[in-house]
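# Understanding the architecture of this molecule
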Amino acid sequence: MDINQVEFEEVSRKNAVISAIESLLFAAGEPLSAKDISKILYDDLDFIKDVLGEMIDRYDKTASRGIKLIMLNDMYQLVTKPCNGEYVQKLLKKNVRQSLSQASLESLAIVAYKQPITRVEIDEIRGVKSESALQRLIERGLIEEVGRMDVIGRPILYGTTNEFLRYFALNDLDDLPSVGLFNEEEGES
């Protein structure tokens, strides 16, 4: 076999894997890990990760595509490009991107940086009750119950969701800005 034949077979293999990954992600409708994709395709995990990285780059660089591939907590998902969100909302007849209230934003920020955290702890930080703001955040899928504290009364512990990561275009919680960054900006005012 000559070198051109080897290169052709490698490109054909990669294209076949890309096609299969697109089908899996589309059919799943939710994030899949590289490990799960590797198992389903009976292929090497490192190769699958390389292909997924290449797919992310391809989707990002191709302006004519209406979808992109994102990574959330080491999970991969096909999503619509933000520039097409308005059209998708019309199709679905709902305004998913309505803005969050000040109370909801404050509560969400506290959950994001302090999770897992209880409602009482959030109330103490904010200085006001947060029950309705937390309920709206749960309804929007931005936070969820992640467990219960092992104390009397067993209060609910809250944490952010993958929808939170999607909403704010984050790969994972490590992408959140440092709290120190905000303190520096306040000192400059």
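Relevant structure appears above.
Numbers given to residues run from 1 along each chain, matching the order in which its sequence is written. Thresholds applied to this predicted model are a pLDDT of at least 70 for local features of residues and 80 or more for the giving and counting of side-chain atom pairs; totals over whole chains, interfaces and linings are not thresholded and use all residues. The side-chain values count all of the structure's non-hydrogen atoms but skip hydrogen atoms and water molecules.

## As for the overall build of the chain
Secondary structure assignment for the chain yields nine helices and five strands. Where helices and strands are cited, they refer to DSSP runs of H or I of at least four residues and of E of at least two residues respectively, numbered from the N terminus. Of the regular secondary structure in the chain, the N- to C-terminal order runs α-β-α-α-β-β-α-α-α-α-β-β-α-α. Throughout this description, buried means an accessible area under 20% of the type-specific maximum (1.4 Å probe, protein chains only), exposed means over 50%, and partly exposed covers the range between. Taken over 189 residues, the chain has a buried fraction of 29%. Excluding contacts between residues fewer than 6 apart, the proportion of contacts in the chain whose partners are at least 24 apart in sequence is 49%. Residue contacts are defined here by distance: any two heavy atoms, one from each residue, within 4.5 Å place the two residues in contact.

## Some thoughts on the packing of aromatic side chains
Working definition: a ring pair exists when centres of Phe, Tyr or Trp rings (six-membered ring for Trp) sit within 6.5 Å. Plane angles under 30 degrees give stacked, over 60 give edge-to-face, the rest tilted. Evaluated as defined, the whole model comprises two aromatic pairs. An angle of 55° between the planes, with centres 5.2 Å apart, marks the rings of Phe164 and Phe168 as tilted. Classification of Phe168 by relative accessible area gives partly exposed; the value is 34%. Among the aromatic residues, those joined into a cluster by ring pairs are Phe164, Tyr167 and Phe168. Only when the NZ atom of a Lys or the CZ atom of an Arg is both within 6 Å of the ring centre and within 35 degrees of the ring normal do we say a charge sits over the ring. Looking at Arg13, its charged tip hangs above the ring of Phe47, at a distance of 3.8 Å from the centre.

## Quick notes on helix 3 (residues 45–61)
To estimate the expected span of a helix, count its residues, drop one, and scale the result by 1.5 Å. Between its first and last C-alpha, helix 3 extends 24 Å over 17 residues, near the 24 Å set by a 1.5 Å rise per residue. Buried within helix 3 we find Phe47, Ile48, Val51, Leu52, Met55, Ile56 and Tyr59. As used in this structure description, the phrase polar contact means that two N or O atoms lie within 3.5 Å; if the pair is within protein, one of them must be able to donate a hydrogen and the other to accept it, and residues adjacent in sequence are counted only when both atoms belong to side chains. Put simply, Asp44 is the residue that caps the front of helix 3, since its side-chain oxygen is 3.3 Å from the backbone nitrogen of Asp46.

## Structural notes on the pairing of strand 2 (residues 67–72)
The pairing criterion is simple: DSSP has to find at least two bridges between the two strands. Both strand 2 and strand 3 (residues 75–80) contribute to a ladder of six bridges, which runs antiparallel. If you follow Ile70 over to strand 3, its bridge partner there is Gln77. The turn joining strand 2 and strand 3, which pair antiparallel and follow one another in sequence, is formed by two residues; a positive phi near 50° is taken by Asn73.

## Quick look at the packing of helix 5 (residues 102–114) against helix 6 (residues 119–126)
Viewed as axis vectors pointing N to C, helix 5 and helix 6 meet at an angle of 115°, and their least axial separation amounts to 10 Å. Considering only the axes of helix 5 and helix 6, their crossing is right-handed. Along its contact with helix 5, which presents Ala103, Glu106, Ser107, Ile110, Val111 and Lys114, the element helix 6 presents Ile122, Ile125 and Arg126. Think of it as three bins: nonpolar holds Ala, Val, Leu, Ile, Met, Phe, Trp, Tyr, Cys and Pro, charged holds Asp, Glu, Lys and Arg, and polar takes everything else, Gly as well. Class assignment for the residues of the contact of helix 5 with helix 6 results in five nonpolar, one polar and three charged. Axis definition: a line fit to C-alpha positions, over the contact stretch in the case of helices; interaxial angles, taken between N-to-C directions, run 0 to 180 degrees. Should the near helix be turned anticlockwise from the far one by less than a right angle, the crossing is termed left-handed; should it be turned clockwise, right-handed.

## So, the side chain of Thr160
With respect to the helices and strands, Thr160 occurs in strand 5 (residues 156–160). The contact partners of Thr160, leaving out residues within four places of it in the chain, are Leu108, Val111, Ala112, Gln115, Leu142, Ile143, Glu144 and Leu173.

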